[in-house]
Amino acid sequence: AQSVTQLGSHVSVSEGALVLLRCNYSSSVPPYLFWYVQYPNQGLQLLLKYTSAATLVKGINGFEAEFKKSETSFHLTKPSAHMSDAAEYFCAVSPGSGNTGKLIFGQGTTLQVKP
Amino acid sequence: DAGVIQSPRHEVTEMGQEVTLRCKPISGHNSLFWYRQTMMRGLELLIYFNNNVPIDDSGMPEDRFSAKMPNASFSTLKIQPSEPRDSAVYFCASRTARWGDLETQYFGPGTRLLVL
């Protein structure tokens, strides 16, 4: 069985500060991991994904995430927050082998960026 | 590419009425997913199709919910009869079978359903 835990349902940072959104996963098989972003009243947009290649993954809008197998983590970071980063962020996992395409999502983390 | 298209974007209906949500996946994608998003339960997978065939409908909450995919470019999610607890945002997503991107699901803008 697979699951995802996002630590912190709300994260608030100042503009220009480091963004760190935490995600831990549980998977009985090597996982694929994803971060999606959802802006108000919109669908989910892929930020980045890990599919067993490089453990440090770079995505859009300056975000990156590092897969750490020993910690079962896939935390999302951005060196300097921008006001436009305010949104809800979802971490998701799917089985890497024999990928059925099913995604299991975390509960989401709302990022607030203060001026 | 137009992306995943969903209609209607908003739906308000009364309890007991039939509701039909529509989705057009990205052209060439062969997998389609229906999700429901609520504050209480987050994002839940309801059902998904591969090559128009339902593969896993274990997330469909009850018999009032049904989904069809008559062809590669169209899917419906029907709720009959609707209940207030069905109020949620329903997302459709599609996925390609093309190597190099087959892990990624592309989401539509969602249908916001309110059942009074």
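Refer to the structure presented above.
It should be emphasised that the depicted structure is a prediction, and the values quoted were computed from it without experimental measurement. (Residues numbered from 1 in each chain as written. Chains lettered and ligands numbered in written order. Predicted model: local features only at pLDDT ≥ 70, side-chain atom pairs only at ≥ 80, totals over all residues. Heavy atoms only, no water.)

(A) View of the layout of surface pockets. Considering only enclosed or pocket space, the largest pocket measures out at about 610 Å³ in volume. Among the elements of the structure, β9 (87–95) of chain A together with β4 (31–38), β9 (88–95) and β11 (111–115) of chain B are those that each provide at least two residues to the lining of the largest pocket. Per-class residue counts for the lining of the largest pocket are ten nonpolar, 15 polar and three charged. (1 Å grid on protein atoms, 1.4 Å probe; cavity = no way out; pocket = protein on both sides within 12 Å on 5 of 7 lines; lining within 4 Å. Points joined across faces, edges and corners; volume = space filled by probe spheres on them. Helix = DSSP H or I, 4+ residues; strand = E, 2+ residues; numbered from the N terminus. Nonpolar A, V, L, I, M, F, W, Y, C, P; charged D, E, K, R; others polar.)

(B) Structural context of unusual backbone geometry. Going from S7 of chain B to P8 of chain B, the amide bond is cis rather than trans, its omega being -10°. Here P8 of chain B shows up in the loop between β1 (5–7) and β2 (10–13). The phi torsion at N61 of chain A lies on the positive side, around 60°, for a residue other than glycine. Looking at the secondary structure, you find N61 of chain A in the loop between β6 (56–58) and β7 (64–68). Despite not being glycine, N51 of chain B has its phi angle at roughly 50°, a positive value. Along the chain, N51 of chain B falls in the loop between β5 (42–50) and β6 (53–56). You can call N51 of chain B exposed: its relative accessible area is 51%. (Buried < 20%, exposed > 50% of the residue type's maximum accessible area, 1.4 Å probe, protein only.)

(C) Region of the structure containing the packing of aromatic side chains. This model, assessed by the stated rule, comprises 14 aromatic pairs over all chains. Here the aromatic rings of F105 of chain A and F107 of chain B are separated by 6.1 Å at their centres, their planes lie at 75°, and the arrangement is edge-to-face. Of this pair, F105 of chain A sits in strand β10 (residues 104–105) while F107 of chain B sits in strand β10 (residues 106–107), placing the two residues on different chains. Accessibility expressed as a relative area gives 9% for F105 of chain A, which makes it buried. Measuring from centroid to centroid gives 6.3 Å for F91 of chain B and F107 of chain B, while their planes differ by 80°, and the two rings are edge-to-face. On the criterion of sequence distance, the pair formed by F91 of chain B in strand β9 and F107 of chain B in strand β10 is long-range, its members being 16 residues apart. Here F91 of chain B and F107 of chain B have matching classes, each one buried. Three or more aromatic residues joined by ring pairs form one cluster here, namely F34, Y36, F90 and F105 of chain A together with F33, Y35, Y48, F91 and F107 of chain B. (Phe/Tyr/Trp six-rings, centres within 6.5 Å; stacked < 30°, edge-to-face > 60°.)

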